[in-house]
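Residue-level structure breakdown
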Amino acid sequence: MTQPAGTHKGVIFSGMRPTGLLHLGNYMGALQNWVTLQDDYNCIYCAVDIHALTTVESSEDIQAIKPNIEDMVLDWLAAGVDPEKSIVFIQSHVPEVMTLHTLLSMVTPLGWLTRVPTFKDKVRQMHETEETVNYGLVGYPVLQTADIILYKADTVPVGQDQVPHIELSREIVRRFNNLFGETFPEPQAKLTEARLIVGLDGQNKMSKTLDNHLDLAASPEETTKRVLTAFTDPQRVRRDDPGRPEVCNIYSLHKIFSGASDVNTVYDECVTAARGCVDCKRHVADSINDYLKELRERREEIKSKPGYVQEILHEGGKKARAIAVETINEVYEKMGLS
């Protein structure tokens, strides 16, 4: 099989649905880790546009996928994903993944798919039933498995909540290998210590759906304006009420983005009511803007090069497809289809 340079390294596959601009939670939870992994693995990073189709509800949703990919990949590159080290491409640019998805679906029991906890959650979120939901959503884990093993990836970085998905991929691979002979490695979950970033509502994980997020690419002014809307200690009603940093999301952001001495000052001045919540929010907004300054500058530089992102995705697609074609040829031979 053709692989990226340095075949002694493990191969990582990871993908993101193209929802457009990434937010601070995406960065701290996944993207930052993607950048670090490039030093120790051959990494393959994919904008999974076919997966995005499983939950679209209108033609507008579909039309948004292409521009969303560009925005998302711009954030990847600005954060430090290096196309010289990693393969960066769009899922649909490698049609062999749909071929492998179909072939894997022939050996995957339906019961395995309907028992996936996230499937039932998605059905509820879409206000569907198991009788009316589209087949694509049911078969999502099969396509996800095809994404991974098409490139003979042996490692997938995930949070604890995604481990059942990788175990299902392993079961599908095991079944295929038992039927047709050793073909694919069983992918291993690489647990990542994703730092949970609570959203501006102070209650839920940062999310675009909940509109409690901070975009990486926002201007400093936009970021400050958003931070000023954040909820703080609900019991601190008046300016001279002592605060409780341990229950305040703004303080949790200070602990991530402000220096140690600033964090101590924030704590002391909050519990003594020496500073108000508005001042505290402005302070953490400045810290976040400082933290993102270089990323935002790189993003603007990359964005100023017409066609640069599309060129990277085109070249990445060619590299990915070269691997995919060899894998599909091997699969056809093993299955007696060639």
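This text follows the structure it describes.
Note that this is a predicted model, so its numbers are computed, not measured.

1. Digging into the overall build of the protein chain
Looking only at helices and strands, the protein chain features 14 helices and 5 strands. Relative to the 2.2 N^0.38 estimate, which gives 20 Å for 338 residues, the radius of gyration of the protein chain is 22 Å and therefore close to what a compact globule would have. Oriented by its inertia axes, the alpha-carbon framework of the protein chain measures out at about 75 × 45 × 40 Å. Within the protein chain, the proportion of its 338 residues that are buried is 48%. In the protein chain, the proportion of contacts linking residues at least 24 apart, taken out of those at least 6 apart, comes to 77%. Of the roughly 16,700 Å² of accessible surface on the protein chain, a fraction of 50% belongs to carbon and sulfur atoms.

2. Re the environment of aspartate 39
By the secondary structure assignment, aspartate 39 is in the loop between helix 1 (24-37) and strand 2 (41-47). For aspartate 39, a relative accessible area of 48% translates into the label partly exposed. With residues near it in sequence (within four places) discarded, aspartate 39 still touches Lys9 and Lys85.

3. Some thoughts on the pattern of salt bridges
Close approach of charged atoms allows side chains of opposite charge to pair. This structure, assessed with the given rule, holds 17 salt bridges. The partner of arginine 174 in a salt bridge is glutamate 186, and the shortest N-O contact between them spans 3.1 Å. On the criterion of sequence distance, the pair formed by arginine 174 in helix 9 (residues 163-180) and glutamate 186 in the loop between helix 9 and strand 5 (188-191) is long-range, its members being 12 residues apart. We classify arginine 174 as partly exposed; its relative accessible area is 31%. The class of glutamate 186 is partly exposed, set by a relative accessible area of 27%. Look at the salt bridges and you will find they share partners, linking Glu167, Arg170, Arg174 and Glu186 into a network.

4. Regarding the packing of aromatic side chains
Within the structure shown, the criterion is met by 9 aromatic pairs. Note on phenylalanine 13 and tyrosine 151: the rings are 5.9 Å apart at their centroids and 5 degrees apart in plane angle, and the pair reads as stacked. With phenylalanine 13 in strand 1 (residues 10-16) and tyrosine 151 in the loop between helix 8 (140-149) and strand 4 (155-158), the pair connects residues that are 138 residues apart, well separated along the chain. Assigned by exposure class, phenylalanine 13 and tyrosine 151 land together as buried. Ring centres of tryptophan 34 and tyrosine 45 lie 4.1 Å apart, and the angle between their planes is 0 degrees; on these two criteria the pair is classed as stacked. Here tyrosine 45 lies in strand 2 and tryptophan 34 lies in helix 1, a separation of 11 residues in the sequence. The class for tryptophan 34 is buried, based on a relative accessible area of 2%. Positioned above the aromatic ring of tyrosine 308 is the side chain of lysine 305, whose terminal nitrogen or guanidinium carbon lies 4.9 Å from the ring centre.

5. Quick notes on the packing of helix 1 against helix 13 (residues 277-303)
Axis separation between helix 1 and helix 13 bottoms out at 13 Å; the angle between their running directions is 55 degrees. When the axis of helix 1 is compared with that of helix 13, the two are oblique. As for the relative orientation of helix 1 and helix 13, their crossing is left-handed in sense. Every residue of helix 13 that contacts helix 1 at Leu24, Tyr27, Met28 and Gln32 is listed here: Ile288, Tyr291, Leu292 and Leu295.

6. Considering helix 4 (residues 96-105)
Burial in helix 4 covers these residues: Glu96, Val97, Leu100, His101, Leu103 and Leu104. Here the buried face of helix 4 lies against helix 7 (135-138), helix 8, helix 9 and helix 14 (308-335).

7. Quick word on the nonpolar core
In this structure, Leu24, Leu31, Tyr45, Val73, Trp76, Leu216 and Ile250 are the most contacted members of the largest nonpolar core, which totals 50 residues. At 9 residues, the largest contribution of residues to this core is made by helix 3 (residues 59-79). In this structure tryptophan 76 touches Met16, Leu22, Leu31, Trp34, Tyr45, Cys46, Ala47, Val81 and Val88, once residues within four positions along its chain are discounted. Phe119, Val133, Val158 and Leu168 belong to the second largest nonpolar core, which has 42 residues in total.

8. Side note on the packing of helix 10 (residues 220-227) against helix 13
A pair of packed helices is characterised by two quantities: the angle between their axes and the separation of those axes. Taken N-terminus to C-terminus, the directions of helix 10 and helix 13 make an angle of 145 degrees; their axes are 9 Å apart at the nearest point. The handedness of the crossing between helix 10 and helix 13 is right-handed. Only Lys281, Arg282, Val284, Ala285, Ile288, Asn289 and Arg296 of helix 13 make contact with helix 10, whose side of the interface consists of Pro220, Thr223, Thr224 and Val227. When the residues that make up the contact of helix 10 with helix 13 are grouped by side-chain class, the tally is 5 nonpolar, 3 polar and 3 charged.

9. Thoughts on the pairing of strand 3 (residues 87-90)
Sheet faces and side chains relate simply in a regular strand, where the side chains alternate between the two faces. Burial along strand 3 is two-sided: the residues Ile87 and Phe89 and Val88 and Ile90 are all buried. With 4 bridges joining them, strand 2 and strand 3 adopt parallel strand pairing. Residue tyrosine 45 lies in a different strand from strand 3, and its bridge partner there is valine 88.

Conventions we followed
- Residues numbered from 1 in each chain as written.
- Predicted model: local features only at pLDDT ≥ 70, side-chain atom pairs only at ≥ 80, totals over all residues.
- Heavy atoms only, no water.
- Helix = DSSP H or I, 4+ residues; strand = E, 2+ residues; numbered from the N terminus.
- Rg over C-alpha atoms; globule rule 2.2 N^0.38 Å.
- Buried < 20%, exposed > 50% of the residue type's maximum accessible area, 1.4 Å probe, protein only.
- Contact = heavy atoms within 4.5 Å.
- Areas by Shrake-Rupley, 256 points an atom, 1.4 Å probe, with all protein chains shown as cover.
- Salt bridge = Lys/Arg side-chain N within 4 Å of Asp/Glu carboxyl O.
- Phe/Tyr/Trp six-rings, centres within 6.5 Å; stacked < 30°, edge-to-face > 60°.
- Lys NZ or Arg CZ within 6 Å of the ring centre and 35° of its normal.
- Axes fitted to C-alpha atoms, helices over the stretch in contact; angles between N-to-C directions.
- Parallel < 35°, antiparallel > 145°, perpendicular 65-115°, else oblique.
- Left-handed = near helix turned anticlockwise from the far one by under 90°.
- Core = buried A, V, L, I, M, F, W, Y, C linked by side-chain atoms within 4.5 Å.
- Nonpolar A, V, L, I, M, F, W, Y, C, P; charged D, E, K, R; others polar.
- Pairing = 2+ DSSP bridges.

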